[in-house]
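Here are the chains, one letter per residue:
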Amino acid sequence: MRLAVTGREGQVVRALLDAAPAAGVTVIPLGRPDLDLENPASVAAAIAAARPDAVVNAAAYTAVDQAEKEPERAFAINAAGAGAVAAAAAGLGVPVLQISTDYVFDGTKPAPYVEDDPVGPTGVYGASKLAGEQAVAAATPNHAVLRTAWVYAPYGKNFVRTMLALGATRDELRVVADQQGCPTYAPDIAAAVIAVARNLVTRPDEADLRGVFHMAGSAETDWASFAEAIFALSAARGGRAPAVVRIGTADYPTPARRPANSRLECGRLARLHGVGLPPWQASLATCLDRLLVET
């Protein structure tokens, strides 16, 4: 199976490239200048040249706070760009997998979100990603929108690496404790994406495999507890473990509002695709092994 994947440096793209050999798939990363989501005219030709069996749109404008200052660019990449990718896949007669986000919800629900819950993004980033979901659905019925959250990896910019970097020089860190979510390891996302893509390619007539799915690490936590777990695992591997001071969202204002509840219920993905992601605690330990032990 050949997967054309938008982007070259993102956490999910790198994880897909790592996973490809053992999974028996070929991953073709597509990025600038060959494919530029801000230039829709470049998209179709680049994807066609990859001769894919499926297309994964993993590239995105992800600077949540900066998006408040650059809404046009966020929508160009996350909405119009996603639509162009889906249209290119449709033109080739292959499925498209759109990586989306918990930010399409407003975060006020007291329980984990299911796919059919009303959407209501509170910022530009979430609104642009929701518009991307809608553009993909409008371009082709042969799609799977995969919403994920709190993505981390041994590489790239993410909460785990930020905590370890700050913890290397500080004895105490203030971390928000009133936002809940499901940390999701990029290599687990890669394995899930490959499994879903294979289902879409080999079972083209099954409508239930298409649509919106939630794809996040199982179990839930808050940012401060996540930080405490990171430092506990770090200490067990010879690293530093600064104290974590639990604070509220109001104590750490940001230009874009973060959802208080980012928990995603992933039963539909397990039921229809046979795909479930591991508990975040196990995947975090694997990540720390790569970050602290292998180096």
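Residues numbered from 1 in each chain as written. Predicted model: local features only at pLDDT ≥ 70, side-chain atom pairs only at ≥ 80, totals over all residues. Heavy atoms only, no water.

To continue, consider the overall build of the protein chain. When helices and strands are counted, the protein chain shows 9 helices and 12 strands. At 19 Å, the protein chain has a C-alpha radius of gyration in line with the 19 Å of a compact globule built from 295 residues. Taking the principal axes of its C-alpha atoms as reference, the protein chain extends roughly 55 × 40 × 40 Å. Of all 295 residues assigned to the protein chain, the portion counted as buried reaches 52%. Residue pairs at least 24 apart in sequence account for 81% of intrachain contacts in the protein chain once pairs closer than 6 positions are excluded. For the protein chain, the exposed area adds up to about 12,200 Å²; of that, 53% sits on carbon and sulfur atoms. Placing the 26 positive and 30 negative side-chain charges of the protein chain at their respective mean positions leaves the two points 3 Å apart. (Helix = DSSP H or I, 4+ residues; strand = E, 2+ residues; numbered from the N terminus. Rg over C-alpha atoms; globule rule 2.2 N^0.38 Å. Buried < 20%, exposed > 50% of the residue type's maximum accessible area, 1.4 Å probe, protein only. Contact = heavy atoms within 4.5 Å. Areas by Shrake-Rupley, 256 points an atom, 1.4 Å probe, with all protein chains shown as cover. Lys, Arg positive; Asp, Glu negative; His and termini not counted. Charge placed at Lys NZ, Arg CZ, Asp CG, Glu CD.)

We now examine the environment of Phe75. By secondary structure assignment, the location of Phe75 is in helix 3 (residues 71-92). For the pair formed by Phe75 and Arg161, sequence separation is 86 residues and the distance between their alpha carbons is 28 Å. Setting aside residues up to four positions removed in sequence, Phe75 forms contacts with Ala80, Val124, Ala127, Ser128 and Ala131.

Right, let's get into the pattern of salt bridges. For the structure shown, the criterion picks out 14 salt bridges. Residue Glu38 pairs with Arg32 through a salt bridge whose shortest N-O separation is 3.3 Å. For Asp289, the salt bridge identified is with Arg237, shortest N-O distance 2.7 Å. Of this pair, Asp289 sits in helix 9 (residues 280-293) while Arg237 sits in the loop between helix 7 (223-236) and strand 12 (243-247), placing them 52 residues apart in sequence. Classification of Arg237 as partly exposed rests on a relative accessible area of 25%. (Salt bridge = Lys/Arg side-chain N within 4 Å of Asp/Glu carboxyl O.)

The next subject is helix 9. Over its 14 residues, helix 9 runs 19 Å from end to end, which matches the ideal 20 Å to within 8%, given 1.5 Å per residue. The inward-facing, buried residues of helix 9 contact strand 6 (151-152), helix 5 (159-167), strand 9 (184-185), helix 6 (186-202), strand 11 (221-222) and helix 7. (Expected span 1.5 Å × (residues − 1).)

With that out of the way, let us pick up the nonpolar core. Counting 33 residues, the largest nonpolar core has Phe159, Val160, Met163, Val175, Phe226, Ile230 and Leu284 as its most contacted members. Broken down by element, this core gets its largest block of residues, 8 residues, from helix 7. Ignoring anything within four residues of it in the chain, the contact list for Ile230 reads Phe159, Val160, Met163, Leu164, Leu284 and Leu288. (Core = buried A, V, L, I, M, F, W, Y, C linked by side-chain atoms within 4.5 Å.)

Between helix 5 and helix 7, whose axes approach to 10 Å, the crossing angle comes to 65°. Both helix 5 and helix 7 take part in a crossing whose hand is right-handed. Along the contact surface, helix 5 presents Phe159, Val160, Met163, Leu164 and Gly167, while helix 7 presents Trp223, Phe226, Ala227, Ile230, Phe231 and Ser234. (Axes fitted to C-alpha atoms, helices over the stretch in contact; angles between N-to-C directions. Left-handed = near helix turned anticlockwise from the far one by under 90°.)

What follows concerns the environment of Asp208. Inspection of the secondary structure puts Asp208 in the loop between helix 6 and strand 10 (211-214). Residues Asp208 and Tyr125 lie 83 residues apart in sequence; the distance between their C-alpha atoms is 28 Å. In this structure Asp208 touches Phe213, Arg268 and Leu272, once residues within four positions along its chain are discounted.

A few words now on unusual backbone geometry. Pro33 follows Arg32 through a cis peptide bond whose omega is 0°. Mapped onto the fold, Pro33 is located in the loop between strand 2 (26-30) and helix 2 (43-49). Of note in this structure, Ala219 is not a glycine but carries a positive phi near 80°. Among the residues examined, Ala219 registers a relative accessible area of 36% and is labelled partly exposed.

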